[in-house]
Amino acid sequence: MEGFANLVILNLLTLLCCLPIVTIGAALAALHFVVMQIVNNEDGKITSTYFKQFKANLKNATPIALIYIALAVLVVFELRTANQMKSLGAIVTSCTFGFIFILLAIFVWVIPLTAKFVYRTGEAFRNALYLAFSKLPRTVSMIIITVIMPVLIVNFPAIWPIGVMLGVSLPVFLCVLIYYPVFKELIEQKEGNEDS
């Protein structure tokens, strides 16, 4: 019950901190950081840790959020353009969905990487791209987990209360279970390099 309550609190905090939209990256990075602590059985105050991480990630996560907002606008424009095209519409749509997959594949890694490690924006994207395709089964699983909740909420308005309570934090919790073993390996490698 405590874990459930923590996820509800984190979900509400994240939705609140996403309201300016440009802060969505910092809000999600803070969420990932706190959920990683929960999964790793680390003690800590949920709310204070969340806001501390939110502030800490504003600088690094905000550019990522802005890039994704711009790319989302581009994708919507491309899909609308494809619908108006006759002969090449199907090709443009297929290419756009391929592009969407790549964006999602990078997204499910770049926010957690930003939350756990200190990277410049370019480094974060490069490392996320590498992990996205070197750990493809994990990537596909995380994409499905990330996408399924928004799809359900849009198509079934009756589950909106669940979305408000767990719509962001539950998918992140499940994704952390998938990617955290990879992060543990990265941390151990980094510590091994520093020792040598």
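Residues numbered from 1 in each chain as written. Predicted model: local features only at pLDDT ≥ 70, side-chain atom pairs only at ≥ 80, totals over all residues. Heavy atoms only, no water.

With respect to the environment of Lys59
Rules: A helix here means a DSSP run of H or I that spans at least four residues, while a strand means a run of E at least two residues long, and both kinds are numbered starting from the N terminus. When a residue's accessible area, from a 1.4 Å probe over protein chains only, is under 20% of the maximum for its type it is buried; when over 50% it is exposed; and in between it is partly exposed.
With respect to the helices and strands, Lys59 occurs in helix 3 (residues 46–84). Residue class for Lys59 comes out exposed when judged on its relative accessible area of 71%.

Section: the packing of aromatic side chains
Definition in use: Two rings from Phe, Tyr or Trp (for Trp, the six-membered ring) form a pair when their centres sit within 6.5 Å of each other. Planes less than 30 degrees apart are called stacked, planes more than 60 degrees apart edge-to-face, and all others tilted.
Per the stated rule, a full pass over the model turns up 8 aromatic pairs. With centroids separated by 6.2 Å and ring planes inclined at 15°, the aromatic side chains of Tyr68 and Phe125 adopt a geometry described as stacked. With a gap of 57 residues between them, Tyr68 in helix 3 and Phe125 in helix 5 (residues 121–134) connect regions that are remote in the sequence. Like Tyr68, the residue Phe125 is buried in the burial classification. The rings of Trp109, Phe117, Tyr119, Tyr179 and Phe183 are connected pair by pair, giving a single aromatic cluster.

A few points about the nonpolar core
Among soluble globular proteins, nonpolar side chains are generally buried collectively. Put simply, the test is: To define a nonpolar core, start from buried Ala, Val, Leu, Ile, Met, Phe, Trp, Tyr and Cys residues and group those joined through side-chain atoms within 4.5 Å. Whether two residues touch is decided by their heavy atoms; if any such pair falls within 4.5 Å, the residues are in contact.
Judged by nonpolar contacts, the single largest core of 47 residues is most densely connected at Tyr50, Trp109, Val110, Tyr179 and Phe183. Listing elements by their share of this core, those giving two or more residues are helix 1 (2–17), helix 2 (24–39), helix 3, helix 4 (89–116), helix 5, helix 6 (136–155) and helix 8 (169–195). If one sorts the elements of this core by residue count, helix 2 sits on top with 10 residues. What Trp109 contacts, discounting residues up to four positions off in sequence, is Ala128, Leu131, Ala132, Lys135, Arg138, Thr139, Met142, Tyr179, Val182 and Phe183.

Let's talk about helix 5
Filter applied, for reference: Take the residue count of a helix, subtract one, and multiply by 1.5 Å to get its expected span. Directions pointing from the helix axis toward each C-beta atom define the arc.
Compared with the 20 Å implied by 1.5 Å per residue over 14 residues, the 20 Å span of helix 5 between its first and last C-alpha is a close match. Ala124, Phe125, Ala128, Leu131 and Ala132 are the residues of helix 5 that are buried. The buried side chains of helix 5 occupy one side of the element, clustering within an arc of 130° when seen end-on. Pointing more than 90 degrees away from the buried face of helix 5 are the exposed residues Arg126 and Tyr130.

What to know about a nonpolar patch on the surface
Quick reminder of the rule: Residues enter a patch when their relative accessible area is above 30% and they make no salt bridge; the linking distance is 9 Å between like charges and 5 Å between nonpolar side chains (Val, Leu, Ile, Met, Phe, Trp, Tyr). All accessible-area figures derive from a Shrake-Rupley calculation using a 1.4 Å probe, and residue coverage is judged against the displayed protein chains alone. The salt bridge definition used is simple: a Lys or Arg side-chain nitrogen within 4 Å of an Asp or Glu carboxyl oxygen.
A contiguous nonpolar patch, built from Phe101, Ile102, Leu129, Phe133, Leu136, Val140 and Ile144 and spanning about 540 Å² of accessible area, is present on the exposed surface. At the level of secondary structure, the elements contributing two or more residues to the nonpolar patch comprise helix 4, helix 5 and helix 6. No other element matches the 3 residues that helix 6 contributes to the nonpolar patch.

Quick look at the environment of Leu152
Mapped onto the elements of the fold, Leu152 is located in helix 6. Distance in space between the C-alpha atoms of Leu152 and Gly167 is 9.8 Å, their sequence separation being 15 residues.

Re the packing of helix 1 against helix 2
Note the cut-off: Axis angles are defined between N-to-C directions and span 0 to 180 degrees, where every axis is a line fitted to C-alpha atoms and, for a helix, only to the segment in contact. Small angles under 35 degrees read as roughly parallel and large ones over 145 as roughly antiparallel, with 65 to 115 read as roughly perpendicular and the rest as oblique. Put simply, a crossing is left-handed when the front helix is turned counterclockwise from the back one by less than a right angle, and right-handed when it is turned clockwise. Only Asp, Glu, Lys and Arg are considered charged in this grouping, and only Ala, Val, Leu, Ile, Met, Phe, Trp, Tyr, Cys and Pro are considered nonpolar; every other residue, Gly among them, is considered polar.
Helix 2 packs onto helix 1 with a crossing angle of 165° between their chain directions and a minimal axis gap of 9 Å. Here helix 1 is positioned roughly antiparallel relative to helix 2, judged by the angle of their axes. The interaxial crossing formed by helix 1 with helix 2 has right-handed handedness. Contact residues: helix 1 offers Asn6, Leu10, Thr14 and Cys17, while helix 2 offers Ala27, Leu28, Leu31, Val34, Val35 and Ile38. A breakdown of the residues in the contact of helix 1 with helix 2 according to their chemical character gives 8 nonpolar, 2 polar and no charged.

Things to note about the state of the cysteines
Keep this limit in mind: We call a pair of cysteine sulfur atoms a disulfide whenever their separation is within 2.5 Å.
Under the counting rule described, the total for this entry stands at 0 disulfides. Cys17 carries a free sulfur, and the closest cysteine sulfur to it, the one in Cys18, is 7.3 Å from it. For Cys17, a relative accessible area of 8% puts it in the buried group. The cysteine Cys175 is free of any disulfide, with Cys18 supplying the nearest cysteine sulfur at 15 Å. Note on Cys175: relative accessible area 4%, which makes it buried.

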